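Structure at a glance
In case you want the letters, here they are:
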Amino acid sequence: MKKPELLMPAGNIEKLKYGIKYGADAVYLGVVDFSLRAMRKGELITLENLKTAINTAHSMNTKAYLTLNIFAFNKDIKALENAMEIITETNPDALIISDVGIMRLAQKYMPKTDIHISTQANILNYEAVRFWQDMGATRAILARELPIKDVAEIKQKIPDMELECFIHGAQCVSFSGRCLLSDYMTNGERKANSGNCSQPCRWSYKLLEETRPNEYQEIIQDDKGTHILSTKDLCLVKHLKNMIDAGIDSFKVEGRTKSLYYVSATAKAYREAIDAVMQDRNSDMEPYFQELLKVGNRGYTTGFYLGNGEYPSDGYSYDISKGLAGADFLCEFWDKKDDLYKIKTKNKFNKNEDIEIITPTEKFITQITEIKNENGDELELANTNGELWVKLSVEPQNYEYALARTIGIKGKIQDNQSCECCQF
């Protein structure tokens, strides 16, 4: 039984490093002009530092796949052709492509580089996979609308083609992401298929009757709220065995715009879950699912994977649009001096508060016994976005890449534990 690749998002260079440290076998990254995610925070990946990013992944013994998966207009083809010399020098392990014009450029300038066909290409059947294989692709990233049994059939018929499937993350209400809602509702300023979706499917809507222009009515569906288009997030951790049996070569986690904590905690959960399944086919996946409840989500669903091509009726998040996490991300660890750790705070916490530390190799509960500012003054409270020093009752074996969060599942996410969508 072949061990599948864990493929994590690298929205910026910092997330790339953390995703790898927490368990990724490969990362996917892109530059804004040619990728379906427009990044806004952190050390952004650009044409200028793309080689540094890919070299960083390679130095950490991890593959790096470059996304060039926009649907390209003439101007995009011209811009990409002008950039191909730079891209060629960066030496990515593969290019992720959905547009046949971009594929022609890739084969012209980078004939020895593997090509992975993006989920945007809507690959739903084995003949489509054969087509892309005949065109020179080495991997098909299958549409999220496929059930696992169809994936298994594709692998059985074309065993020498790599298959990649999403196993976790936000989903699009449109078929494999082909959506014009954002284009239309932002007057063309936020084009979904050019990497800048405004996510109108997450908006809350009201109804306006034409002859009563000032009278707005809420849109209610079964008293659940007004987010009538917002899908729940995909989570297949409890079905890894079935997906491995189907012959999937790469498990992909969505989230290049998600937080550093999301990337790290999700990578850790899936790394450990995959390893557990490979060691024991009957491993209990519940502990890993509980870990995934601690990262931001809109409630979890299995999407199309368990059915016969239909989306489950409970797969929509009617009451929330943004993901809620079962644990708050508290801080990153930056340095150590004697028994004090320098941290960058993300959410506030108190002295003597119990917190949970995660590292690439550990997870444990400890207590904040001291908080000091840069001047050495003792504090009772650590505020958001501060650079402080803390002392812990139990220390990590290695503080590099360590993160801290609150303990336990709480609030809205607690409710999700008992909802039908989460009981796989």
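None of these values were measured; they are calculated from a predicted model. (Residues numbered from 1 in each chain as written. Predicted model: local features only at pLDDT ≥ 70, side-chain atom pairs only at ≥ 80, totals over all residues. Heavy atoms only, no water.)

1. Points about the overall build of the protein chain
Selection rule: Comment: elements are numbered from the N terminus, with helices defined as DSSP H or I runs of at least four residues and strands as E runs of at least two. Between buried and exposed lies partly exposed: a residue is buried under 20% and exposed over 50% of the maximum accessible area for its type, with that area taken using a 1.4 Å probe on protein chains only. Note on definitions: a residue-residue contact is assigned when non-hydrogen atoms from the two residues lie within 4.5 Å. Here the open area of atoms and residues is found with the Shrake-Rupley method and a 1.4 Å probe, where only the protein chains shown may cover a residue.
Counting its regular elements, the protein chain contains eleven helices and 20 strands. The burial tally for the protein chain puts 53% of its 424 residues in the buried class. Contacts in the protein chain between residues at least 24 apart in sequence constitute 69% of all its contacts with a sequence separation of at least 6. Of the roughly 19,300 Å² that the protein chain leaves accessible, carbon and sulfur atoms contribute 46%.

2. Re the confidence of the model for the protein chain
Inclusion rule: Summary of the metric used: pLDDT quantifies the predictor's per-residue confidence within the range 0 to 100.
Scored by pLDDT, the protein chain comes out at a mean of 86, with 79% of its residues at no less than 70. Counting interchain partners and residues more than four positions distant, the pLDDT-below-50 stretch residues 411-424 has 33 contacts.

3. Points about the side chain of Lys268
Structurally, Lys268 can be placed in helix α9 (residues 260-279). For Lys268, a relative accessible area of 7% gives the class buried. In this structure, Lys268 is in contact with Tyr22, Thr359, Pro360, Thr361, Glu362 and Lys363, ignoring residues within four places of it in sequence.

4. Overview of the pattern of salt bridges
To keep it simple, the criterion reads: The salt bridge definition used is simple: a Lys or Arg side-chain nitrogen within 4 Å of an Asp or Glu carboxyl oxygen.
Throughout the structure, instances matching the rule amount to 31 salt bridges. Salt-bridge contacts for Asp275 lead to Lys3; the nearest nitrogen and oxygen are separated by 2.8 Å. In this pair, Asp275 is assigned in helix α9 and Lys3 in the segment before β1 (5-9), connecting sequence segments 272 residues apart. We note a salt bridge from Lys391 to Asp339, for which the minimum N-O separation is 3.1 Å. You can see Lys391 sitting in strand β19 (residues 387-392) and its partner Asp339 sitting in the loop between β13 (329-337) and β14 (340-345), a full 52 residues away along the chain. Members of the salt-bridge network, linked through shared partners, are Glu5, Arg139, Glu162, Glu164 and Lys252.

5. Overview of unusual backbone geometry
Within the chain, Asn122 stands out as a residue other than glycine whose phi angle is a positive 60°. Taking the relative accessible area as the measure of exposure, Asn122 reaches 17% and is therefore buried. Of note, Asn352 is a non-glycine position whose phi angle comes to about 70°, a positive value. Summarising the element assignment, Asn352 is placed in the loop between β15 (349-350) and β16 (354-358). A relative accessible area of 46% means that Asn352 is categorised as partly exposed.

6. As for the nonpolar core
Note the threshold: To form a nonpolar core, buried Ala, Val, Leu, Ile, Met, Phe, Trp, Tyr and Cys residues must be joined to one another through side-chain atoms within 4.5 Å.
Leu29, Leu142 and Leu240 are the most contacted members of the largest nonpolar core, which totals 95 residues. In terms of residue count, the dominant contributor to this core is α9 (twelve residues). If we skip the residues at most four places from it in the chain, Leu240 touches Ile167, Phe251, Tyr270, Ala273, Ile274, Val277 and Met285. Core analysis: the second largest hydrophobic core is formed by 17 residues, Tyr341, Ile343, Phe349 and Ile357 among them.

7. Digging into the packing of aromatic side chains
Formally: What counts as a ring pair is set by centres within 6.5 Å for rings of Phe, Tyr and Trp (its six-membered ring), and what kind of pair is set by the plane angle: stacked under 30 degrees, edge-to-face over 60, tilted for all other angles.
On inspection of all chains with the given rule, the structure shows seven aromatic pairs. When the centroid spacing of 5.6 Å and the interplanar angle of 80° are considered together, the rings of Phe333 and Tyr341 count as edge-to-face. In terms of burial, Phe333 and Tyr341 fall into one category: buried. Ring geometry for Tyr341 versus Tyr399: centroids 6.0 Å apart, planes at 65°, classification edge-to-face. With Tyr341 in strand β14 and Tyr399 in the loop between β19 and β20 (403-405), the pair connects residues that are 58 residues apart, well separated along the chain. The class of Tyr341 is buried, set by a relative accessible area of 1%.

8. Side note on the packing of helix α3 (residues 74-90) against helix α4 (residues 100-109)
Here is the rule we go by: Helix axes are fitted to C-alpha atoms over the stretch in contact, other axes to C-alpha atoms as well, and angles between N-to-C directions run from 0 to 180 degrees. For any helix crossing, the convention is left-handed if the near helix is rotated counterclockwise from the far helix by under a right angle, and right-handed if that rotation is clockwise. Residues were grouped as follows: Ala, Val, Leu, Ile, Met, Phe, Trp, Tyr, Cys and Pro as nonpolar; Asp, Glu, Lys and Arg as charged; and all remaining residues, including Gly, as polar.
α4 packs onto α3 with a crossing angle of 30° between their chain directions and a minimal axis gap of 10 Å. When the axes of α3 and α4 are compared, the crossing they make is right-handed. Between α3, through Ile77, Leu80, Glu81, Met84 and Thr88, and α4, the contact on the second element is made entirely by Gly101, Ile102, Leu105, Ala106, Lys108 and Tyr109. Among the residues forming the contact of α3 with α4, the class breakdown is seven nonpolar, two polar and two charged.

9. Some details on the packing of helix α5 (residues 126-134) against helix α6 (residues 148-157)
Geometry of a packed helix pair, given as the angle between the helix axes and the separation of the axes. The test is simple: With respect to orientation, any angle under 35 degrees is reported as roughly parallel, any angle over 145 as roughly antiparallel, any angle of 65 to 115 as roughly perpendicular, and every other angle as oblique.
Running from N to C, α5 and α6 point in directions that differ by 45°, and their axes come no closer than 9 Å. Judged on the interaxial angle alone, α6 and α5 are oblique. Relative to α6, α5 is oriented so that their crossing is right-handed. Seen from α5, the contacting residues are Tyr126, Val129 and Arg130; seen from α6, they are Glu153, Ile154 and Lys157. Residues of the contact of α5 with α6, tallied by class, amount to three nonpolar, no polar and three charged.

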